[in-house]
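Listed below are the residues making up each chain.
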Amino acid sequence: PSSIPTTASYSETLPARMAGFRQGMLALRRHHVLSKIIGLQMVLIALTATGLWLACRALPGGENVSWFDGLMMGLLVMAAGIANVTPGNLGVEQAAAMFTAHLLHIKPEMGFLASSLFRVMAIGVVFVIGPLLANWLARQKPRVPDHPISNNNKDRGAVARATSG
């Protein structure tokens, strides 16, 4: 027998796969996960734009940079973050900030320096807050869930039957 799956075996499993996909989508809708992800992504975009705008304003010659300019630089920097060309994406974000600054009629050096300053500050915040949060979490009492399986009623019934017999 060949180990290569035939077209028939794919077509037989497709309905089962689609049913699993449908259940997953229903769970996402039930818990409003997609709307929470979109909301958090919007907050991240606003924080990135604000950070780049403040970084520009902190540098000599960046007094005329608007928040909208910071938003445009932030969006392109975040989009450039998808292309992991170098370890840690070093230089890619700065090049994107330089390119965007040039398009916005800002000195490209300002985009480079603002992006670099923002990255250093973000790393600094992580290394300062990270240990504090880790220490706080280590002192917390573990929370035990009410039931070992999800909120699905059928799952709770299966667990009850399995543990009672």
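Refer to the preceding data block for the structure.
Scope of this entry: the structure provided in the associated data block. Computed from a predicted model, the values in this text were never measured in an experiment.

Definitions and cut-offs
- Residues numbered from 1 in each chain as written.
- Predicted model: local features only at pLDDT ≥ 70, side-chain atom pairs only at ≥ 80, totals over all residues.
- Heavy atoms only, no water.
- Helix = DSSP H or I, 4+ residues; strand = E, 2+ residues; numbered from the N terminus.
- Contact = heavy atoms within 4.5 Å.
- Salt bridge = Lys/Arg side-chain N within 4 Å of Asp/Glu carboxyl O.
- 1 Å grid on protein atoms, 1.4 Å probe; cavity = no way out; pocket = protein on both sides within 12 Å on 5 of 7 lines; lining within 4 Å.
- Points joined across faces, edges and corners; volume = space filled by probe spheres on them.
- Nonpolar A, V, L, I, M, F, W, Y, C, P; charged D, E, K, R; others polar.
- Axes fitted to C-alpha atoms, helices over the stretch in contact; angles between N-to-C directions.
- Parallel < 35°, antiparallel > 145°, perpendicular 65-115°, else oblique.
- Left-handed = near helix turned anticlockwise from the far one by under 90°.
- Expected span 1.5 Å × (residues − 1).
- Buried < 20%, exposed > 50% of the residue type's maximum accessible area, 1.4 Å probe, protein only.

**With respect to the environment of Ile106**
So, point 1. Structurally, Ile106 is set in the loop between helix 4 (92-103) and helix 5 (108-139).
So, point 2. Sequence separation between Ile106 and Val65 is 41 residues, and the spatial gap between their C-alpha atoms is 7.8 Å.
So, point 3. If we skip the residues at most four places from it in the chain, Ile106 touches Val65, Asp69 and Ala101.

**Quick look at the pattern of salt bridges**
So, point 1. Scanning the entire structure with this criterion turns up one salt bridge.
So, point 2. Taking the shortest distance from any N to any O, the salt bridge between Arg119 and Glu93 comes out at 3.6 Å. You can see Arg119 sitting in helix 5 and its partner Glu93 sitting in helix 4, a full 26 residues away along the chain.

**Examining unusual backbone geometry**
So, point 1. If you check the backbone angles, His105 has positive phi at about 60° while not being a glycine.
So, point 2. Considering the arrangement of structural elements, one finds His105 in the loop between helix 4 and helix 5.

**What to know about the layout of surface pockets**
So, point 1. Reported here for the largest pocket is a volume of approximately 390 Å³.
So, point 2. Forming the boundary of the largest pocket are 16 residues, of which Leu44, Leu47, Thr48, Phe118 and Ala122 lie nearest the centre.
So, point 3. Looking at the lining of the largest pocket, the elements with two or more residues in it are helix 2 (33-58), helix 3 (67-80) and helix 5.
So, point 4. Classifying every residue of the lining of the largest pocket gives 10 nonpolar, four polar and two charged.

**Some details on the packing of helix 2 against helix 5**
So, point 1. Two numbers describe how helix 2 lies on helix 5: the axes approach to 8 Å, and their chain directions differ by 120°. Considering their axes alone, helix 2 and helix 5 lie oblique with respect to each other. Note on packing geometry: the crossing formed by helix 2 with helix 5 is right-handed. Contact with helix 2, carried on its side by Leu47, Thr48, Gly51, Leu52, Ala55 and Cys56, involves Met110, Ala114, Ser115, Leu117 and Phe118 of helix 5 and no other residues of that element.
So, point 2. Class assignment for the residues of the contact of helix 2 with helix 5 results in eight nonpolar, three polar and no charged.

**A word on helix 4**
So, point 1. A rise of 1.5 Å per residue sets the reference length of helix 4, with its 12 residues, at 16 Å; its end C-alpha atoms lie 17 Å apart and thus fit the reference within 8%.
So, point 2. Among all positions in helix 4, only Val92, Glu93, Gln94, Ala96, Ala97, Thr100 and Ala101 are buried.
So, point 3. Where helix 4 is buried, its residues meet helix 3 and helix 5.
So, point 4. His105 sits one or two residues past helix 4 and shows a positive phi near 60°.

**Comments concerning helix 3**
So, point 1. In this model helix 3 runs 20 Å from its N-terminal to its C-terminal C-alpha over 14 residues, within 8% of the 20 Å that 1.5 Å per residue would give.
So, point 2. Listing the buried residues of helix 3 in full gives Asp69, Gly70, Leu71, Met73, Gly74, Val77 and Ala80.
So, point 3. Buried residues belonging to helix 3 abut helix 2, helix 4 and helix 5.

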